[in-house]
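Observations on the model geometry
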Amino acid sequence: MSTLSKLYFALRTIGWKTTLRTIRYAWYRDQMERRFPLPQVRGNYPALTPGAPVEVTIDGQNVTCTFGERQLDVTVLDHNLFRLTWLPGDLPLPVGVVEQEWENPSFELIQEPGKVLICSATTQIEVQDTGEIGYWIVNRPSHQPARQAGRDLPPVFAGNSWELTSELSDQSVIYGTGMRAAALNLRGSRYRLWNRDPGGSYAAGDDPLYLNIPVYLTLDNGICVLRFFENSYSGKFDFSSQAISRFQNGALRYYVIVGGLSECLQQFTRLTGRPPLPPRWALGYHQSRWGYKSEAEIREIVRYFKEYDLPLDVIHLDIDYMSGYRVFSVDQDRFPDLGKLSADLLDQGIRLVTILDPGVKIDPHYAVYRLCLAENMYVATPSGKPTMGLVWPEECIFPDFCNPEASERWGELYPHLLDLGVAGFWHDMNEPATFAAWGDPSLPVNALHHVDGTTKTHAECHNLYGLGMNRAGYFALRKWNPEKRPWILSRSGWAGGQRFAWNWTGDIASSWEMLQLTLPSLLNMSMSGIYFAGSDIGGFSGHPDPELYVRWFQLAALTPFFRLHSATGLPPREPWTFGEEVLNIIRRVLKFRQQLLPYLYTLAYQAATSGLPLMRPMTWEKGLPVETQSLENQFFLGDHLLVAPVLEAGLEARQVGLPPGLWYAFLNGSGLPGPATIDIPVTLESMPLFLRGGSVIPLLEDNQPVLLIAIPHITSNYEASSSPVSLVYLDAGDGYGPFRLERYRFTYENGDLVLLCESEGDYRPDIDDYTLIFYGPEVETVVADGQPLTVQTNRVRLSRFSRLEIRLAK
């Protein structure tokens, strides 16, 4: 976004007086940083001496290699997971990593001339006396190297900063790093690791953005190596030729995971924490707009949704509900009875979510401000005074979320809104963002945070700020609303943020180019452990034309977080404002999302328990043709669905790469064999979606439970082992009560197809009967647990079963 564009946006949204204040704040920040400069070099850290003799010691799971005055600690956490720490150096704040107790797998230490080998059951690390480190996939039980997975060159230290180069082959692709306005494969570009508000809008290539995570994955010939740098200082990834990681400060500590793509992500989310199971309503449709200014307007919007027969699950209130933008306040003139509003919405099955910003208005009459001063809850200047920033309420101070006591006190403010019936919270501006006419739009890097009796600079804590706010909010909801599952949406975060909040792509521009980049952005967030994410439908900072609006809706309906949102001052964007044709299409999209909720809820359970992402790139599956693996405009949604959204204007057909196996067009059930590249005709209504043969997925039809059964491709040598296991997860949709987990698997017995179901858990759904819908050949007879059933047009109504015998028509 150009300087003139930012100035125009500022004048339009915050007015000329506040725009002038942005000049004063930028001067204040610069003066603060000049007056109390950060030390550039703290200590005289020695350089690594290549070729120095290596002294090796072992203590439990830790192997220490000494290179003169430098030391490398390699900790074997699991058979394919290792922590590498170069010392001396300041160790990181322990906020991103949660799994501390590992199985302590056995490993073998072998010393050879010029190198040390650390061999687990599946992986070998080779530390050379130059400081170079290689990673190998090994064969059990011989531990002989089979395939090299990666190699790190000796690190380069300069004072407190350091640089690590990891080799890449010509075929290597790179994923991860958090949120990027870039292609899915990050190879060939540079990215900064510093959470930043781009200023009201962003376009392709703008960097950095709100959510940066110091993790990347290299994928080469089916072997994945994940490197996670446990370092919250400002850093850069340079993937121009090799993979170069640079950080300004802190110890060089990183985790290396070696294996397949799914295995690496499962281990990474085990290390940094898995997302909790959300309330089911959070997977529904969210309606939002910056500009809903009154209770009457909210009621009118809800009335229109009902009148036009549009499903609605959640309404979001942006900053206009507050009194003077004071956090945790409610404007009594515009929202005279927020409690009644939320209760009336809940009677219609609609939840209310309110925005919360971290900036606390400097106002001696404001209770939250007085609390922050009295309890020393604020981020401080080097002289001990509150650090000032400029945001919506004008001059503000900021809570110190690195301080556990301050975080707990902040969490005690949530009951005010919980008692009014607010169901979830939307954490915004938590990079933290400020309004600045130039320079970094955040707090001075020399501002101080208090952590367990010590002080840390904002240079170290900046990237952790959103994570800390989300953690404080999450535990507040667990404490003050213990019967419900917390739900928080956040613009910023860091590694491990999936434990506390969902994320979205922020103030994205309204354009076809940004719609196309939304998909790789969400996939790279998934490859960074952020599994629950979405985008502002239609883009935030402009007004989409009807076709762009529809196509963005269609993509969003197949992503975890499904919300329409836009900036203030733009034309209305509700579905009925684009005309009858668009309204009818959006109605079908919204109802399709409702139909898909049981499947999405099952995927959410898998993410919470197994660490598997909902959205997956085409490289997720091994053995795909190269041309299919490289596709960035289609993705897997869980194990069973292939999504090929229409992302270009005016298309009459789009090309789809089908993986090996039998696939069914979701719309009509027609079978399509893969691998193949096919052209699919599309209209404005089209949402190309394909179901894998051999799958069973749960759906809703007219609010009644359905199992959609995709008949597998049967051959003479068909074996049950080739059939995927399909899961269905059921519970009350919120809280922590009983559950039911069903596992479905096909087998082939005596010429008949058999679907087996194993279940666990005590949950009993309100409706125990459901409909089976078969995709594939005509089904002649069905026998459920010995009871013959009537089949009509490949549909059967029955109660739950453990064995289903399916005879296909000849």
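Figured I'd write up the structure that's included with this text. What you see is a predicted model, and the numbers here were worked out from it, not measured in a lab.

Core analysis: the biggest nonpolar cluster contains 227 residues, and Trp 410 and Leu 637 have the highest contact counts within it. Of the residues forming this core, the biggest block, 16 residues, is contributed by helix H12 (residues 580-610). Counting residues in hydrophobic clusters, the runner-up holds 39 residues, among them Val 63, Leu 72, Leu 84 and Tyr 254.

A few words now on the pattern of salt bridges. Applying the stated criterion across every chain, the model contains 46 salt bridges. Among the salt bridges present, the one from Arg 180 reaches Asp 207, with a minimum N-O distance of 2.5 Å. Taken together, the residues span a long stretch of sequence, with Arg 180 in the loop between strand S12 (173-178) and strand S13 (190-193) and Asp 207 in the loop between S13 and strand S14 (212-220) at a distance of 27 residues. A relative accessible area of 30% means that Asp 207 is categorised as partly exposed. Residue Arg 299 is joined to Asp 344 by a salt bridge in which the shortest nitrogen-to-oxygen separation is 3.0 Å. Of this pair, Arg 299 sits in helix H3 (residues 295-307) while Asp 344 sits in helix H4 (residues 338-347), and the two are 45 residues apart along the sequence. A residue is classified by how much of its surface remains accessible, and Arg 299, at 32% relative accessible area, is partly exposed. When salt bridges that share partners are traced, they join Glu 112, Lys 115, Glu 126, Glu 132 and Arg 151 into one network.

Moving on: the sheet that holds strand S3 (residues 70-78). An order of S1-S2-S3-S4-S18-S15-S14-S12 is seen for the 8 strands of this open sheet, with the pairing classed as antiparallel. Among the strands making up the open sheet, the edge pair consists of strand S1 (54-59) and S12. Strand-to-strand twist of the sheet, defined as the mean angle between neighbouring strand axes without regard to direction, takes the value 20°. Where strand S2 (residues 62-67) meets S3, 6 bridges bridge the pair, whose relative direction is antiparallel. Paired with Phe 67 across the bridge in S3 is Arg 70. The sheet contacts of helix H2 (residues 261-272) involve S3, strand S4 (81-87), S12, S14, strand S15 (223-229) and strand S18 (252-259), and relative to S18 the element is tilted by about 140°.

Quick notes on the rules
- Residues numbered from 1 in each chain as written.
- Predicted model: local features only at pLDDT ≥ 70, side-chain atom pairs only at ≥ 80, totals over all residues.
- Heavy atoms only, no water.
- Core = buried A, V, L, I, M, F, W, Y, C linked by side-chain atoms within 4.5 Å.
- Buried < 20%, exposed > 50% of the residue type's maximum accessible area, 1.4 Å probe, protein only.
- Helix = DSSP H or I, 4+ residues; strand = E, 2+ residues; numbered from the N terminus.
- Salt bridge = Lys/Arg side-chain N within 4 Å of Asp/Glu carboxyl O.
- Pairing = 2+ DSSP bridges.
- Axes fitted to C-alpha atoms, helices over the stretch in contact; angles between N-to-C directions.
- Contact = heavy atoms within 4.5 Å.

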